[in-house]
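# Residue-level structure breakdown
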Amino acid sequence: MADGPTHALVRRVPRSYVGYYARQGRTVLAPRADEQHQEYVRALEAAGLTVSFVEPDESLPDCVFIEDTAVVWSQHALITRMCQDREGEQAAVEAVLGRTHSISRLGSDATLEGGDVLHVSDVTYVGLSARTNEAGAESLKAFLARFGRRVVKIPVEKCLHLKTGVTYLGNGTLLAVPAWFDMGRFEVEDVIYTESSELGFANCLRIRDHLLIPDGYPRTALRLQGFAEKHGAHANRLGISEFEKGDGSLTCLSLIW
Ligand code: CIR
C-alpha cells in the first residue's frame, strides 16, 4: 500500500434502506441517495481508484455501508462479525473479495466492524466500541501482524465507531471531534479538531492527493482549507445527507485497498 490504494468496492443503496429508516422516523430521499452514491463513486474514480460493485441485498437495508463487512490489506481480507441486525452482509462481499484476496476469519467470540479500524502510517488503531470487542481487536492484531503493522486499541464511548469521530487526513495529521477520545494514544504529528457544532465532520477520506470531505460543515471545512493547500491536496466536498440519516459517513461507503 506504499503507493496508495488502487481499488474500491462499493454497494449501491437497496430500496429497503428508505423503508427501514422511515420506520425509525427518518425520511430518506431515494433519488437523492442514489445521486449521492453515484457522485461518491465518481469521486473515488477521480482519485484514481478502480471501482467494483457488490449487488445490494434487499433483505439487508444497511448493506450500502460496506466498510463494516471486512478489513482489507493488500491481497488479504479479514471478514468481520457485525451487530445482529447486519449479520449476513458479509457473504456477498466475501464472494467478490474471494476472487482476488485470501480470506481470514475472526476468532469465535470476536466482534469487529470496519468502521472501528483506522490505518495511520504503520499503525492501525482499533476502536473498542459497542460493535468491536477485545477479542475482535486481538483478531485484527493477528491478521495485521504479517504486514508488520502494530495495532493500538482506542476506547470509543461517545460515538458509533472510531471513525465516526476521527479519521486520517494524511501528512501525519488526524481530524478529530474534540474530547471524544484520549488523543494521547495516537502517534501523529498533528491533530485538526472539528468545530464543536459540526460533530459530523470528522469522517473524511484521503486518497492520494484527493481529500473527500462531507458537505454541510462550513466552519470545519474552512479549517481544512489551509491543510489542503499546504499539502497540495484537492478537496472535494460531497453531499452525504441521505447516508448521515442512517448514521453513515464517507468512509463507510467503500472498502479500499
Ligand atoms: C449501523 O448502525 O450499523 C448503520 N446504520 C451505520 C453504519 C455506519 N458505518 C460506518 O460508519 N462505518
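These remarks concern the structure in this document.

Calculation criteria
- Residues numbered from 1 in each chain as written.
- Predicted model: local features only at pLDDT ≥ 70, side-chain atom pairs only at ≥ 80, totals over all residues.
- Heavy atoms only, no water.
- Helix = DSSP H or I, 4+ residues; strand = E, 2+ residues; numbered from the N terminus.
- Rg over C-alpha atoms; globule rule 2.2 N^0.38 Å.
- Buried < 20%, exposed > 50% of the residue type's maximum accessible area, 1.4 Å probe, protein only.
- Contact = heavy atoms within 4.5 Å.
- Areas by Shrake-Rupley, 256 points an atom, 1.4 Å probe, with all protein chains shown as cover.
- Lys, Arg positive; Asp, Glu negative; His and termini not counted.
- Charge placed at Lys NZ, Arg CZ, Asp CG, Glu CD.
- 1 Å grid on protein atoms, 1.4 Å probe; cavity = no way out; pocket = protein on both sides within 12 Å on 5 of 7 lines; lining within 4 Å.
- Points joined across faces, edges and corners; volume = space filled by probe spheres on them.
- Nonpolar A, V, L, I, M, F, W, Y, C, P; charged D, E, K, R; others polar.
- Pairing = 2+ DSSP bridges.
- Right-handed = clockwise from strand over helix to strand, strands pointing away.
- Near = heavy atom within 4 Å.
- Polar contact = N/O pair within 3.5 Å; in protein donor to acceptor, adjacent residues only side chain to side chain.
- Sits in = over half its atoms within 2 Å of the grid points.
- Axes fitted to C-alpha atoms, helices over the stretch in contact; angles between N-to-C directions.

Attention now goes to the overall build of the chain. Counting secondary structure elements, the chain contains seven helices and 15 strands. In terms of overall size, the chain behaves like a compact globule, its C-alpha atoms giving a radius of gyration of 17 Å where 257 residues would be expected to give roughly 18 Å. With respect to the three principal axes, the spread of C-alpha positions in the chain is 45 × 45 × 35 Å. Considering the chain as a whole, with its 257 residues, one finds that 53% of them fall into the buried category. Partitioning the intrachain contacts of the chain with sequence separation of at least 6 by distance along the chain shows that 70% fall at a separation of at least 24. Here the chain displays about 11,100 Å² of accessible surface, and carbon together with sulfur accounts for 48% of that area. Averaged over its 27 positive side-chain charges, the chain has a centre that lies 1 Å from the centre of its 34 negative ones.

A water-sized probe, rolled over the atoms, reveals where empty space remains. Empty space within the second largest pocket amounts to approximately 280 Å³. Lining the second largest pocket are 24 residues, and of these R86, R131, L160, G246 and D247 lie nearest its centre. Among the elements of the structure, helix 1 (16-22) and helix 5 (162-165) are those that each provide at least two residues to the lining of the second largest pocket. In the lining of the second largest pocket, the residues fall into six nonpolar, nine polar and nine charged.

The next thing to look at is the pairing of strand 5 (residues 102-105). Alignment of strand 4 (residues 76-79) against strand 5, held across four bridges, turns out to be parallel. By the bridge assignment for strand 5, L78 is matched with S104. Viewed along the sheet, the connection from strand 4 through helix 3 (residues 90-97) into strand 5 turns out right-handed.

Attention shifts here to the site of the ligand. Near the ligand lie 13 residues; those nearest to it are E67, D68, R86, R131 and G246. Within the contact set of the ligand, an oxygen atom lies 2.8 Å away from a side-chain nitrogen or oxygen of R86. Within the backbone of G246, an N or O atom sits 2.8 Å from a nitrogen atom of the ligand. Look at the ligand: alone it shows 340 Å² of surface, and the protein chains cover 95% of it. Because more than half of its atoms lie within 2 Å of the grid, the ligand is assigned to the second largest pocket. Classifying every residue of the shell around the ligand by side-chain character gives three nonpolar, four polar and six charged.

The next subject is the sheet that holds strand 14 (residues 234-238). Here we have three strands laid out as an open sheet, ordered 12-13-14, and mixed in their pairing. Bordering the open sheet on either side are strand 12 (205-207) and strand 14, each of which pairs with just one other strand. On average, each strand axis in the sheet is inclined to that of its neighbour by 20 degrees, with strand direction left out of account. For strand 12 and strand 13 (residues 210-214), the ladder comprises three bridges, and the chain directions are antiparallel. Bridge assignment links I207 to a residue of strand 13, and that residue is H210. Contacts from helix 6 (residues 218-230) reach strand 12, strand 13 and strand 14, with the element oriented near 180 degrees to strand 13.

Once that is clear, we can look at the environment of G246. Here G246 shows up in the loop between helix 7 (241-244) and strand 15 (255-256). C-alpha separation for the pair G246 and P178, spaced 68 residues apart in sequence, amounts to 23 Å. Discounting chain neighbours no more than four positions away, the residues touching G246 are Y17, Y21, R26 and F65.

Note that strand 7 (residues 123-128) and strand 8 (residues 150-155) share six bridges and pair parallel. Within strand 8, the position partnered with Y125 by the bridge is V152. A crossover connection joins strand 7 to the parallel strand 8 through helix 4 (residues 134-145); in handedness this β-α-β unit is right-handed.

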